[in-house]
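# Observations on chain architecture
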Amino acid sequence: FFAAKMGVWETSAIDGHIIRSTSHDRIFGYETPPPEWSIEYYLQTHVMPEDQPKEFEIARYVTTTQGDWEYSSRFRKLNGDFAWLMVRGCTELNPDGSIKSMMGLCVDITEQKEAEAELKDTRIRLEAALSAGEIATWTWDIVNDFVIGDRNFARLFAIYSPHEPVISQNDFIH
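Thresholds, definitions, all that
Residues numbered from 1 in each chain as written. Predicted model: local features only at pLDDT ≥ 70, side-chain atom pairs only at ≥ 80, totals over all residues. Heavy atoms only, no water. Helix = DSSP H or I, 4+ residues; strand = E, 2+ residues; numbered from the N terminus. Expected span 1.5 Å × (residues − 1). Axes fitted to C-alpha atoms, helices over the stretch in contact; angles between N-to-C directions. Parallel < 35°, antiparallel > 145°, perpendicular 65-115°, else oblique. Left-handed = near helix turned anticlockwise from the far one by under 90°. Contact = heavy atoms within 4.5 Å. Nonpolar A, V, L, I, M, F, W, Y, C, P; charged D, E, K, R; others polar. Phe/Tyr/Trp six-rings, centres within 6.5 Å; stacked < 30°, edge-to-face > 60°. Lys NZ or Arg CZ within 6 Å of the ring centre and 35° of its normal. Buried < 20%, exposed > 50% of the residue type's maximum accessible area, 1.4 Å probe, protein only. Polar contact = N/O pair within 3.5 Å; in protein donor to acceptor, adjacent residues only side chain to side chain. Patch = residues over 30% accessible without salt bridge, like charges linked within 9 Å, V, L, I, M, F, W, Y side chains within 5 Å. Areas by Shrake-Rupley, 256 points an atom, 1.4 Å probe, with all protein chains shown as cover. Salt bridge = Lys/Arg side-chain N within 4 Å of Asp/Glu carboxyl O. Arc of directions from axis to C-beta.

## Observations regarding helix 4 (residues 110–132)
If you check helix 4, its first and last C-alpha atoms are 33 Å apart, about what 23 residues at 1.5 Å a residue would give, namely 33 Å. Just beyond helix 4, the residue with positive phi is Glu134, at close to 50°.

Printed below as a string of structure tokens:
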């Protein structure tokens, strides 16, 4: 699991005891498992103070909700580095319908989040450069004979539409 940056865990609804895989602990930066792991420990040790109210609400939700759930949040590794975690879990029910336990997996999605941020930043810089240079981009669907352009395309060709401009290629050339 560690090569995939994934860890598994199971929590008893009776006493809150959490059983974790070694790869779970490694995601958080532990070479040897901490003696105890609890929601409170996680919140105090790995969640930034400004994120604690949100994380507390998430913890309350997942410990009282039947069925499957998933969330993503940032966390702090043992060495202080910030990272991102995706947690997916489900509940196991007692015969009376109450929650018996919760189990799931966590995945370190830091690389994905960093790539998303880089892509967003690159898109913003590209749009700024295109706008400053009064350069438009478009896609021409030859089969259906229409052009879909970006905001600069709409501005340069005086197309006043709240949506991306769509015009016939013939209208575009003439």
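## Observations regarding the packing of helix 2 (residues 39–46) against helix 3 (residues 52–64)
If you want to describe how two helices pack, look at the angle between their axes and the distance between the axes. At their nearest, the axes of helix 2 and helix 3 sit 11 Å apart, and the two run at 160° to each other. In this view, helix 2 runs roughly antiparallel relative to helix 3, as classed from their interaxial angle. The element helix 2 and its partner helix 3 pack so that their crossing is right-handed. Residues Ile39, Tyr42, Leu43 and Gln44 of helix 2 lie in contact with helix 3, whose contacting residues are Gln52, Glu55, Phe56, Ala59 and Thr63. By residue class, the composition of the contact of helix 2 with helix 3 is five nonpolar, three polar and one charged.

## Overview of the packing of aromatic side chains
Inspection of the entire model under this criterion finds nine aromatic pairs. With centroids separated by 6.4 Å and ring planes inclined at 40°, the aromatic side chains of Trp37 and Tyr42 adopt a geometry described as tilted. Within the aromatic cluster, the residues linked to one another by ring pairs are Phe28, Tyr30, Trp37, Tyr41, Tyr42 and Phe75. Over the face of the ring belonging to Phe82 we find Arg74, whose NZ or CZ atom lies 5.9 Å from the ring centre.

## Some thoughts on the side chain of Asp108
With respect to the helices and strands, Asp108 occurs in strand 5 (residues 99–108). Take Asp108: its relative accessible area is 13%, and that puts it in the buried class. Within the local environment of Asp108, its side chain forms a polar contact with the side chain of Thr110, the two groups lying 2.5 Å apart. Excluding anything up to four places from it in sequence, Asp108 contacts Lys5, Ile27, Lys77, Trp84 and Leu85.

## Notes on the environment of Pro49
With respect to the element layout, Pro49 can be found in the loop between helix 2 and helix 3. In this structure Pro49 comes out as exposed when scored by relative accessible area, which is 57%. Along the sequence, Pro49 and Trp37 sit twelve residues apart, while their C-alpha atoms lie 19 Å from each other.

## Focus on a nonpolar patch on the surface
A contiguous nonpolar surface patch, about 370 Å² in accessible area, is contributed by Trp138, Trp140 and Ile142. Within the secondary structure, Trp138 is located in strand 6 (residues 138–141). Judged by its relative accessible area of 45%, Trp138 is partly exposed.

## A few points about helix 2
Taken as a whole, helix 2 has its buried residues at Tyr42, Leu43 and His46. Angular distribution of buried residues about the axis of helix 2 spans 110°; they occupy a single face of the element. In helix 2, the exposed residues that point more than 90 degrees away from the buried face are Glu40 and Gln44. Check the buried side of helix 2 and you find it contacts helix 3, strand 3 (68–76) and strand 4 (82–93).

## Description of the side chain of Thr110
Following the sequence through the fold, Thr110 ends up in helix 4. For Thr110, a relative accessible area of 13% translates into the label buried. Among the polar contacts made by the side chain of Thr110, one reaches the main-chain amide nitrogen of Trp84 at a distance of 2.9 Å. Those residues within four positions of Thr110 in sequence are excluded, and the remaining contacts are Ala83 and Trp84.

Coordinates in, geometry out; function isn't part of it.
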